[in-house]
Amino acid sequence: MEPKRPEVEEDEEIEEEIEVDNQEKELVDFDPDNPDEEEGFEYTSYGGINREDDEFDEIVGKLQDIVIEPTFEDLQKKFLDQNCEIFQEGEENKMEYMVAFKNYQKTVESYLEKRLKEELRNFEMSKFFKLLEPRSDQIDDQLLDMLISFTDYQLFKELMLEHKKQLILKREAELRKQKKGKQTKAPQGQPKPKQTQKFEGLEIKGQPSKLHKDEDSDGEERPDLVLDIRGLSLKK
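Please read all numbers here as calculations on a predicted model, not as lab measurements. Here the residue numbers are simple positions, counted from 1 along each chain's written sequence. Side-chain atom pairs in this predicted model are given and counted only at pLDDT of 80 or more, local residue features only at pLDDT of at least 70, and totals for whole chains, interfaces and linings cover all residues. Water and hydrogen atoms play no part in the side-chain values, which are based on all heavy atoms of the structure.

### What to know about the nonpolar core
If you look at soluble globular proteins, the nonpolar side chains tend to sit buried side by side. Leu-63, Leu-112, Phe-128, Met-146, Leu-147 and Phe-156 are the most contacted members of the largest nonpolar core, which has 37 residues in total. Counting residues per element, this core draws most heavily on helix H4 (residues 95-119), which supplies eight residues. Excluding residues within four positions of it along the chain, Leu-112 makes contact with Leu-63, Ile-66, Val-67, Phe-72, Met-146, Leu-147 and Phe-150. Definition used in this section: a nonpolar core is a set of buried Ala, Val, Leu, Ile, Met, Phe, Trp, Tyr and Cys residues joined via side-chain atoms within 4.5 Å. Relative accessible area decides the class of each residue, using a 1.4 Å probe on protein chains only: under 20% of the type maximum gives buried, over 50% gives exposed, and in between gives partly exposed. Helix and strand definitions here come from DSSP, where helices need a minimum of 4 consecutive H or I residues and strands a minimum of 2 consecutive E residues; each element is numbered from the N-terminal end. The contact criterion used throughout is that any non-hydrogen atoms of two residues lie within 4.5 Å.

Take a look at the structure:
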């Protein structure tokens, strides 16, 4: 009688298939249009490891689009231009620095949060920062510094000081350009000096003379030129 084969391997395969089916079912059953079922963002899968990765990727994608919009760029630049002058190098933190920091949060951060809420349903900035903490290496450094400057005062101060340096360099370059333009520009209203001179009262006449072959040994034969220069009688 043939011995019965063990069914352990087959049972393990069945369990693995059931586990995979359950995982797929969880993803399929999630309905982002039903807020009562589960809170979350309306998202599209970007190939992340889990749902939070997909949410994070979608937020970052929208964020990158917003920060290059002319409206946001003008808003941020205007604030930096108007407030960076008060900041000075050093450890001293004046009260006006903190006032500027609070206004930065109200102006720039609030606008950014407002735009993100327009693009993403149920967006919360605090929740996004929690997603950002373990994924800070997955975002552009410049964008990351801007986000942290909303909550980190010291980084905000460094941002203002750096913008102040760039603003000063830009002004100095414009002044050098203006000075150079003034130096190279010709003065107006002054006549240019004449290059010709008049010789009044003189008459120059010339006539050909005889050729002397023995005097011209190097080149072709040329006649001597006899000049008759004399003064002209000027009638008064």
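### Structural notes on the packing of helix H2 (residues 51-67) against helix H5 (residues 125-132)
Here an axis means a line fitted to C-alpha atoms, over the contact stretch when the element is a helix, while the angle between two N-to-C directions is reported on a 0 to 180 degree scale. Running from N to C, H2 and H5 cross one another at 115°; their axes reach a closest spacing of 10 Å. The angle between H2 and H5 places the two elements in the roughly perpendicular class. Crossing geometry of H2 relative to H5 is assigned as left-handed. Facing Glu-52, Glu-55, Phe-56, Ile-59, Val-60 and Leu-63 of H2, the residues of H5 in contact are Lys-127, Phe-128, Leu-131 and Leu-132. Classifying every residue of the contact of H2 with H5 by side-chain character gives seven nonpolar, no polar and three charged. Should an angle lie under 35 degrees it is considered roughly parallel, over 145 roughly antiparallel, and from 65 to 115 roughly perpendicular; all remaining angles are considered oblique. For a crossing to be left-handed, the near helix must be turned anticlockwise from the far one by less than a right angle; the clockwise case is right-handed. The nonpolar class holds Ala, Val, Leu, Ile, Met, Phe, Trp, Tyr, Cys and Pro. Asp, Glu, Lys and Arg form the charged class, and all remaining residues, Gly among them, are polar.

### Regarding H2
Here the expected span of a helix is defined as 1.5 Å times the quantity of residues minus one. In this model, H2 (17 residues) spans 25 Å end to end at C-alpha, consistent with the 24 Å of a helix rising 1.5 Å per residue. Along H2, the residues that are buried comprise Asp-53, Asp-54, Glu-55, Phe-56, Glu-58, Ile-59, Val-60, Leu-63, Ile-66 and Val-67. For H2, the N-terminal cap is Asn-50; the gap from its side-chain oxygen to the backbone nitrogen of Glu-52 is 3.1 Å. Definition of a polar contact: a pair of N or O atoms within 3.5 Å, with one able to donate and the other able to accept a hydrogen when the atoms are protein atoms, and with sequence-neighbouring residues admitted only if both atoms are side-chain atoms.

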